[in-house]
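Residue strings, one per chain:
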Amino acid sequence: GESGRCADVQQVPRRLDDYPQPQMVPAGWSGLTVGSNMSRPCVFAISAARGAIAAMCFNEDAELECVDIMFDGQEVEADDRVVDGLAGAVALTISSDSSSIYVAGLYDQAVALLAWSQDDTFVFVDRIKQGERLIHTLHMEIDDTVPEQQDTPPGFFKVQLPLDLSKTMTVPIPAGYPQAGSMVSFRLEPTAQPGGMAYAPLLPPAPIKYPTRVGGNMRNWSLNARDTEHWTLHDGTRYMAIASSNPSWHPDGLALVAVLVWDEVLKRFDVIQHLEMHEMAPSALASFEVKDMTGTNWRYLAVGSTLRHGDVDASINVYRWNPSLKHFVFHHGAPATLAGGHPNHPLTGRPLPLKLNIQKIVHWEMDGNHYLAAAVSRVVFKVGFLDEQRSVSCEGRPGEDRCVTNVSLVCRVSNNDGSYVNVTHYDWQQKNLFHSTANCTRQDSAKVCQTETRIEDGKTSTGFRPHIVSTYPFDVASCVTGSDTRCNTNITGPSSLFGNCTHVNVTRCTDEEPYTVCVPHYKWFTETYTSQSAYVYRWNNYGSTVLEDGQVGHGSGLQIFQLLDAPRSMDVVFEVLEEEDDSSALHRLLILASFGETSADGNVIVMRFDRATYNPYMRSNVGRFSLMQQLPCSDPTALALHTITDSRLGLVGTLLGVASSSAPLATTAAQTKLLQQYTSTLLFYTWNATVDRFDPYVVSVVGDSLVPRGAMGLTFFEVSGEVYLAVAQGVCFAGQHDDSFDAAVCEHSTTNDTNSPHDVAAQPMSRVLQFNRVEQEFGEMLALTDASNMAVRGVNVADLEIHEHQQALRFACGRTNEWEVLVVDGRVLLLAASETRGVLIYEFDFDHVVGLAGISAIASNG
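These notes cover the structure that comes with them. Since the structure is predicted, the reported quantities are computational estimates derived from the model, not experimental observations.

### Comments concerning the overall build of the chain
Link 1 in the chain: Secondary structure summary: the chain contains two helices and 56 strands in total.
Link 2 in the chain: Residues classed as buried in the chain amount to 48% of the 862 residues present.
Link 3 in the chain: Taking the intrachain contacts of the chain between residues at least 6 apart in sequence as the baseline, contacts between residues at least 24 apart amount to 62%.
Link 4 in the chain: With an accessible surface of roughly 40200 Å², the chain has 50% of that area assigned to carbon and sulfur atoms.

Right, dumping it as structure tokens:
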């Protein structure tokens, strides 16, 4: 019979019937409290059966009336939220100033926070629920300290000794070393000096804790990674390879592939091999297994390289695993010419490039054959040349003053024929001859001056590819003076035929005038061009190859299968999709992110494999890829495909994600665009099996989560029925800018003025997004998932509750190329390949809200 806000409560939505457990709480009020310090006295009551809270206040006539009532599941006006946490309300408390009301919800396993407004109404503020993920608790701290290791034995670290020494010391392991911060005790050597240095032993290896850096901080490659690859052999052993190369132009700059094995005991990857390759800059990896003509399976690792200008090695090198020695051996380099050695394009007749700048590679098996596709951004048609620059660096030197003295005996020696000859002996002491000098005379030599032309070798040129060159010739003026001192001798010693000897002391001193050495600047020029094609290789099982270790392997390896029209391709993926009405009819799709000549002509190119068609590159009917669809896209840099099968998510089918970024533009004029705050929005397409094409997937709201700056890699993955998208981000990657580009703006920021290209935050933070089944799009991380809510409450998360406590998940990985997801021992690991921080491993695990199951009472201290 109430009126106003409390009337007709049957029309208020409630969700208690959604919960499968029986409602054991009887109808009626289940809790009561009285507010104080209010404009008028009020009593607050809760109902567990109705999932409600009501306010009864005294009016001016001292009559109690229902002022407001709020139900669990009630939509909040002017806000895309729903009242939550009141289901099974069994207890409540109120703050001392009556501004905050806390309600314990038994069925929701939650605590709800309400506010009492000045106009005597309830305001839903927040709630916290059992099972919520605390996104901010994902551990991300990884120390970048590189310890000083000079003259330090392996397994030790240096310690400064105190002035007051004892027999033993206990010190913490410094930053950068394994188990940094742990305490170690060791006995001092008897020779230890107060205030001196000593070596303290590191602790034995311990099981790894996440997050971590693969290789630690004590390897030259562990702070730089371009790509990672994982595989498992038939015996269950898990391996990983890391492509590491820095942007240095020096020929001996960092360039290797580290091969690691998973230690099942310590739960970590340990290094077992380094594939050194100074003439390459490893950038992309692919591992695959091929059965040769004898039926033997062999594991291979393909390594794609970016350009180190002027090198002559292949752009893709292939290594074969030796199962006996448990390491890789060089197998062959992918040829730059077609099968049979043909150096020209079969359709245009133009020469094929000698070198390729490899961005990504992908392997797949189809119809019993193995294929490898490479996204190629730049090409080289001929080796470059060394050119002398106009600029010269000069260095002044004071000249060198030096003296040289030669002492000898000049004696007459008989020839046994009555004649004598003068002989000079410099080794008179070795002959055990002794003599004294007398009657010495000194004669000064004339001063002789001359100018000598010299050339110093060993100077290094600057530029993409350094060479050892010479400096300019330079002149050095010097004068030589000296004296000749001659003395008669009295020789003693073994009997000899020596006679009439003279002791001669010849001294010459050189005085050089100050001079200047000038070093010209040389630069290695290699003409690079925008690649017009992506490459597809096929494995040739016929023939044989002599491996690096002298063994003969069956099959000659990769050969060019086809060149695809895809200017400046940045990424490539392969996928097999079924037709809608015929599961046996398959579409074999190769999809490329083509950056184009400029940002205006970019495309996502979808190619379909046509079987038994003529292939002019192979000169036979072995099939080829043909253009199926072009998706216009400015600056595409990364692709990812994922098929969703769970109807609960609402979107069922294959989803194509496309990232774009202006970062790969390679001119100084693009500097502002490279560092702009945002790039194009992440784009999504769905596969339409009815018409065999990708259709745009329209995103209703474009928020900050969908506009990642410098997006360079995309990776879909699923955990507990939820679909996620990891976005690798970074700017100023090696090879993306010319010599005059100010790379310092990529690393430092003096202000937060995003309108200035020099003040944009140094490197963007990479992110992980989650698919929201209600909004049907990717966004920030959800606190409560359907899987956890089903485990705790037996139902999926209510649609209107799904946004509660949504939170961004960002990773400070530096200049990141790619994400990979690895599941080891049931643990989901995220691996970021970063050019500035190495391979960083994070465990995709969060702390959860606990302790609210079976909640029955609540109290407040304020």
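### As for the nonpolar core
Link 1 in the chain: Membership of the largest hydrophobic core comes to 26 residues, with the highest contact counts inside it found for Ile316, Ile361 and Tyr537.
Link 2 in the chain: Of all the elements in the fold, those that place two or more residues in this core are strand 19 (281–291), strand 20 (297–306), strand 21 (316–322), strand 23 (355–366), strand 24 (369–380), strand 36 (533–540) and strand 39 (557–565).

### Some points on the side chain of Arg538
Link 1 in the chain: In this fold, Arg538 is placed in strand 36.
Link 2 in the chain: Despite being buried, Arg538 has no salt bridge partner; Asp367 is the closest side chain of opposite charge, sitting 8.7 Å away.
Link 3 in the chain: With residues near it in sequence (within four places) discarded, Arg538 still touches Asn369, His370, Tyr371, Gly557, Leu558, Gln559, Phe561, Met618 and Val622.

### Quick look at the packing of aromatic side chains
Link 1 in the chain: In this structure the tally under the stated criterion is 34 aromatic pairs.
Link 2 in the chain: Consider the rings of Phe44 and Trp116, whose centres lie 5.3 Å apart with planes at 80°: the pair is edge-to-face. Of this pair, Phe44 sits in strand 2 (residues 42–47) while Trp116 sits in strand 7 (residues 110–116); the two residues are 72 residues apart in sequence, bridging distant segments of the chain. No difference in accessibility class separates Phe44 from Trp116, as the two residues are buried.

### Points about the state of the cysteines
Link 1 in the chain: In total, this model carries five disulfides according to the counting rule given.
Link 2 in the chain: Put simply, Cys411 and Cys501 are joined by a disulfide, and their sulfur atoms are 1.9 Å apart. The sign of the S-S torsion, about 120°, decides the handedness of the disulfide formed by Cys411 and Cys501: right-handed. Taken together, the positions of Cys411 in strand 26 (residues 401–414) and Cys501 in strand 33 (residues 499–512) put the pair 90 residues apart, joining distant regions of the chain. This pair shows no difference in class: Cys411 is buried, exactly as Cys501 is.

### Comments concerning unusual backbone geometry
Link 1 in the chain: Of note, the amide linkage connecting Tyr210 to Pro211 takes the cis form, showing an omega dihedral of 5°.
Link 2 in the chain: As for its position among the elements, Pro211 is in the loop between strand 13 (197–201) and strand 14 (212–213).
Link 3 in the chain: Its identity is not glycine, yet Asp825 carries a phi of approximately 55°, on the positive side.
Link 4 in the chain: On the secondary structure map, Asp825 appears in the loop between strand 53 (816–824) and strand 54 (827–834).

### As for the sheet that holds strand 14
Link 1 in the chain: Across the sheet, four strands lie side by side as 14-55-54-53; this open sheet has antiparallel pairing. The open sheet terminates on both sides in strands that have one partner only, identified here as strand 14 and strand 53.

### A few points about the environment of Thr481
Link 1 in the chain: Its location among the elements puts Thr481 in strand 32 (residues 474–492).
Link 2 in the chain: By relative accessible area, Thr481 is classed as partly exposed at 33%.
Link 3 in the chain: Remark: the alpha-carbon pair of Thr481 and Arg508, spanning 27 residues in sequence, is separated by 5.7 Å.
Link 4 in the chain: When sequence neighbours within four positions are dropped, the list of residues in contact with Thr481 reads Ser445, Lys447, Thr507, Arg508 and Cys509.

### Examining the sheet that holds strand 8 (residues 122–129)
Pairing between sheet strands relies on hydrogen bonds along the backbone, with the strands arranged either parallel or antiparallel.
Link 1 in the chain: Strand order in the open sheet formed by four strands is 5-6-7-8, and the pairing between neighbours is antiparallel. In the strand order of this sheet, the two ends are held by strand 5 (89–94) and strand 8, each with one partner. Put simply, the sheet's adjacent strands are angled 20° from each other on average, direction ignored.
Link 2 in the chain: Of the strand pairs in this sheet, strand 6 (residues 100–105) and strand 7 are connected by six bridges, and their pairing is antiparallel. Paired with Ile101 across the strands is Leu114, a residue of strand 7.

### Quick look at empty space enclosed by the protein
Link 1 in the chain: For the structure shown, the criterion picks out one cavity of 30 Å³ or more.
Link 2 in the chain: In this structure, the largest cavity is lined by Arg648, Leu649, Glu722, Phe771, Arg773, Leu782, Leu784, Thr785, Asp786 and Ile802.
Link 3 in the chain: Residue composition of the lining of the largest cavity, grouped by class: five nonpolar, one polar and four charged.

### A closer look at the pattern of salt bridges
Link 1 in the chain: Taken as a whole, this structure holds 36 salt bridges when the rule is applied.
Link 2 in the chain: The partner of Asp84 in a salt bridge is Lys129, and the shortest N-O contact between them spans 3.1 Å. Taken as a pair, Asp84 in the loop between strand 4 (64–71) and strand 5 and Lys129 in strand 8 lie far apart in primary sequence, 45 residues in all. Neither residue differs from the other here; Asp84 and Lys129 are each classed as buried.
Link 3 in the chain: Note that Asp144 and Arg837 form a salt bridge whose closest N and O atoms lie 3.0 Å from each other. One end of the pair, Asp144, is in the loop between strand 9 (133–134) and strand 10 (156–160); the other, Arg837, is in the loop between strand 54 and strand 55 (838–843), and 693 residues separate them in sequence.
Link 4 in the chain: Residue classification places Asp144 among the partly exposed positions, given a relative accessible area of 37%.
Link 5 in the chain: When its relative accessible area of 12% is taken as the criterion, Arg837 is described as buried.
Link 6 in the chain: Bridged by salt links that share partners, the residues Asp84, Asp108, Arg127, Lys129, Glu132 and Glu801 form one connected network.

### Observations regarding the side chain of Thr530
Link 1 in the chain: In this fold, Thr530 is placed in strand 35 (residues 528–530).
Link 2 in the chain: Take Thr530: its relative accessible area is 14%, and that puts it in the buried class.
Link 3 in the chain: A distance of 3.0 Å separates the side chain of Thr530 from the side chain of Arg378, its partner in a polar contact.
Link 4 in the chain: Setting aside chain neighbours within four positions, we find Thr530 in contact with Ser377, Arg378, Val379, Arg568 and Glu597.

### Focus: the environment of Ile802
Link 1 in the chain: Examined against the element boundaries, Ile802 turns out to sit in the loop between helix 2 (786–793) and strand 52 (810–811).
Link 2 in the chain: Taking the C-alpha atoms as reference points, Ile802 and Leu782, 20 residues apart in sequence, are found 7.0 Å from one another.
Link 3 in the chain: Apart from residues no more than four positions distant in its own chain, Ile802 is found in contact with Asn772, Arg773, Val774, Leu782 and Val797.

### So, the environment of Ala726
Link 1 in the chain: Tracing the chain through its elements places Ala726 in strand 49 (residues 722–729).
Link 2 in the chain: Judged by relative accessible area, which is 0%, Ala726 ranks as buried.
Link 3 in the chain: Taking the C-alpha atoms as reference points, Ala726 and Val821, 95 residues apart in sequence, are found 9.2 Å from one another.
Link 4 in the chain: Residue contacts for Ala726: discarding those within four places in its chain leaves Gly713, Leu714, Thr715, Phe717, Arg767, Val768 and Trp819.

### Here's the deal with helix 2
Since one α-helical turn is 3.6 residues long, residues separated by three or four positions face the same way.
Link 1 in the chain: Residues of helix 2 that are buried include every one of Asp786, Ser788, Asn789 and Arg793, and no others. Taken end-on, helix 2 shows its buried residues confined to a sector of 165°, consistent with a single buried face.
Link 2 in the chain: Residues of helix 2 that are buried make contact with strand 8 and strand 49.
Link 3 in the chain: Positive backbone phi, at 85°, marks Gly794, one or two positions downstream of helix 2.

### Looking at the pairing of strand 17 (residues 255–263)
Link 1 in the chain: With respect to burial, strand 17 is a largely interior element, eight of its nine residues being buried.
Link 2 in the chain: Pairing of strand 17 with strand 18 (residues 268–276) involves eight bridges; the strand directions are antiparallel. Counted as the bridge partner of Val259 is Gln273 from strand 18.
Link 3 in the chain: What sits between the antiparallel neighbours strand 17 and strand 18 is a turn of four residues, in which Lys267 has the positive phi angle 55°.

### As for the pairing of strand 54
Link 1 in the chain: With seven of eight residues buried, strand 54 lies mostly within the body of the structure.
Link 2 in the chain: As defined by bridge partners, strand 53 adjoins strand 54 across eight bridges and the pair is classed as antiparallel. Bridge pairing links Val824 to Arg827 in strand 54.
Link 3 in the chain: Linking two consecutive strands that pair antiparallel, namely strand 53 and strand 54, is a turn of two residues; a positive phi of about 55° is found at Asp825 within it.
Link 4 in the chain: In this sheet, strand 55 lies alongside strand 54 in antiparallel orientation, the contact comprising six bridges. Residue pairing in the sheet places Ser834 in a bridge with Gly838 of strand 55.

Definitions and cut-offs
Residues numbered from 1 in each chain as written. Predicted model: local features only at pLDDT ≥ 70, side-chain atom pairs only at ≥ 80, totals over all residues. Heavy atoms only, no water. Helix = DSSP H or I, 4+ residues; strand = E, 2+ residues; numbered from the N terminus. Buried < 20%, exposed > 50% of the residue type's maximum accessible area, 1.4 Å probe, protein only. Contact = heavy atoms within 4.5 Å. Areas by Shrake-Rupley, 256 points an atom, 1.4 Å probe, with all protein chains shown as cover. Core = buried A, V, L, I, M, F, W, Y, C linked by side-chain atoms within 4.5 Å. Lys, Arg positive; Asp, Glu negative; His and termini not counted. Salt bridge = Lys/Arg side-chain N within 4 Å of Asp/Glu carboxyl O. Phe/Tyr/Trp six-rings, centres within 6.5 Å; stacked < 30°, edge-to-face > 60°. Disulfide = S-S within 2.5 Å. Pairing = 2+ DSSP bridges. Axes fitted to C-alpha atoms, helices over the stretch in contact; angles between N-to-C directions. 1 Å grid on protein atoms, 1.4 Å probe; cavity = no way out; pocket = protein on both sides within 12 Å on 5 of 7 lines; lining within 4 Å. Points joined across faces, edges and corners; volume = space filled by probe spheres on them. Nonpolar A, V, L, I, M, F, W, Y, C, P; charged D, E, K, R; others polar. Polar contact = N/O pair within 3.5 Å; in protein donor to acceptor, adjacent residues only side chain to side chain. Arc of directions from axis to C-beta.

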